[in-house]
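Coordinates in review
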Amino acid sequence: AQSVTQLDSHVSVSEGTPVLLRCNYSSSYSPSLFWYVQHPNKGLQLLLKYTSAATLVKGINGFEAEFKKSETSFHLTKPSAHMSDAAEYFCVVSAFRGANNLFFGTGTRLTVIP
Amino acid sequence: DTEVTQTPKHLVMGMTNKKSLKCEQHMGHRAMYWYKQKAKKPPELMFVYSYEKLSINESVPSRFSPECPNSSLLNLHLHALQPEDSALYLCASSQDVPSGSYEQYFGPGTRLTVT
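Okay, so let's go over this structure. Computed from a prediction, not measured in an experiment: that's the story for all the values here.

1. Notes on the overall build of chain A
Counting its regular elements, chain A contains zero helices and 12 strands. Starting at the N terminus and ending at the C terminus, chain A contains elements arranged as β-β-β-β-β-β-β-β-β-β-β-β. The globule rule puts the C-alpha radius of gyration for 114 residues at 13 Å, and the 14 Å found for chain A is close to it. Expressed along its principal axes, the backbone C-alpha trace of chain A runs to roughly 45 × 30 × 20 Å. Taking all 114 residues of chain A together, the buried fraction comes to 46%. Within chain A, residue pairs in contact and separated by at least 24 positions form 56% of the contacts whose partners lie at least 6 positions apart. Accessible surface, chain A as shown: approximately 5300 Å² in total, 53% of it carbon and sulfur. With 9 positive and 7 negative side-chain charges, chain A shows a separation of 8 Å between the mean positions of the two kinds.

What follows is the structure, given as structure tokens:
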């Protein structure tokens, strides 16, 4: 079975400081993992994905995530927060076989303080 | 072009109305999806189409009726909805279904209000 736990429902950072959004997953198979961002009243945009290649994945807008199998984690980081990063972030695990169902975490709301 | 388009952006309908939501992609994707998203919640999968055939229906009430006229289009027909059906309806597409490594591309959504 697949599941995702986002450890923080809300994270607040100052502009220019690092961002860390935490995600732990559970999967019966080798997982595919994704981070999506959703700005208010918008659709979801893919930030990055992990599909069993390099464990450090670089995404758009300066975000990156590291797959750690031993810790079953896939935390999202960014060295320096920008005001435009304020949004909802979803960590997602995908079933490796069968239907392409995405299992969503409950989301982390990132607030960036000027 | 990695865009999924959805129309309309906003829809207000009464409980006796019939309306349709439309979704279109021109990425050559063979899998398309409908999700429902309530405020401050993650999206919930409703339907999956694979090669224009319905492959997953997540026990959605029959007042929601999906249709896939061709590989680029996906409709969601709405009839006799309830106020609790008010939500953001998201369409997504992916290259294929069998492997979970294919990322899904989402449209901007239709904000539905049922009065």
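2. As for the pairing of strand β8 (residues 64–68) of chain A
All names here are of chain A. The alternating pattern of β8 places A65 and F67 on a buried face and E64, E66 and K68 on a face that is not buried. Counting the residues between successive antiparallel strands, the hairpin from strand β7 (residues 56–58) to β8 contains five residues, one of them, N61, with a positive phi of roughly 60°. Bridge analysis of β8 against strand β9 (residues 73–78) gives five bridges, and the strand direction is antiparallel. Across the sheet, residue E66 finds its bridge partner in β9, namely H75. Hairpin connection, β8 to β9: the antiparallel pair is bridged by four residues, and T72 has positive phi, about 45°.

3. So, the packing of aromatic side chains
Under the defined criterion, the tally for this structure stands at 11 aromatic pairs over all chains. Where F34 of chain A meets Y36 of chain A, the ring centres are 6.2 Å apart and the plane angle is 40°; that geometry is what we call tilted. For the pair formed by F34 of chain A and Y36 of chain A, the shared burial category is buried. Both rings, one in Y50 of chain A and one in F67 of chain A, keep their centres 4.1 Å apart while their planes meet at 15°; by these two values the pair is stacked. Of this pair, Y50 of chain A sits in strand β6 (residues 44–50) while F67 of chain A is found in strand β8, placing the two residues 17 residues apart along the sequence. Aromatic rings pair up to connect F34, Y36, F90 and F104 of chain A together with Y33, Y35 and F106 of chain B into one cluster.

4. Side note on the side chain of S93 of chain B
All names here are of chain B. Among the structural elements, S93 can be located in strand β9 (residues 87–94). Here H29 takes part through its side chain, which lies 2.7 Å from a polar atom of the side chain of S93. The residues touching S93, leaving out its near neighbours within four places in the chain, are V4, Q25, M27, H29, A31, M32, Y33, E103, Q104 and Y105.

5. Some thoughts on the pairing of β9 of chain A
Of the pairings in the sheet, the one linking strand β3 (residues 19–21) of chain A to β9 of chain A comprises three bridges and is antiparallel in character. Of the residues in β9 of chain A, the one forming a bridge with V19 of chain A is K78 of chain A.

Definitions and limits used
Residues numbered from 1 in each chain as written. Chains lettered and ligands numbered in written order. Predicted model: local features only at pLDDT ≥ 70, side-chain atom pairs only at ≥ 80, totals over all residues. Heavy atoms only, no water. Helix = DSSP H or I, 4+ residues; strand = E, 2+ residues; numbered from the N terminus. Rg over C-alpha atoms; globule rule 2.2 N^0.38 Å. Buried < 20%, exposed > 50% of the residue type's maximum accessible area, 1.4 Å probe, protein only. Contact = heavy atoms within 4.5 Å. Areas by Shrake-Rupley, 256 points an atom, 1.4 Å probe, with all protein chains shown as cover. Lys, Arg positive; Asp, Glu negative; His and termini not counted. Charge placed at Lys NZ, Arg CZ, Asp CG, Glu CD. Pairing = 2+ DSSP bridges. Phe/Tyr/Trp six-rings, centres within 6.5 Å; stacked < 30°, edge-to-face > 60°. Polar contact = N/O pair within 3.5 Å; in protein donor to acceptor, adjacent residues only side chain to side chain.

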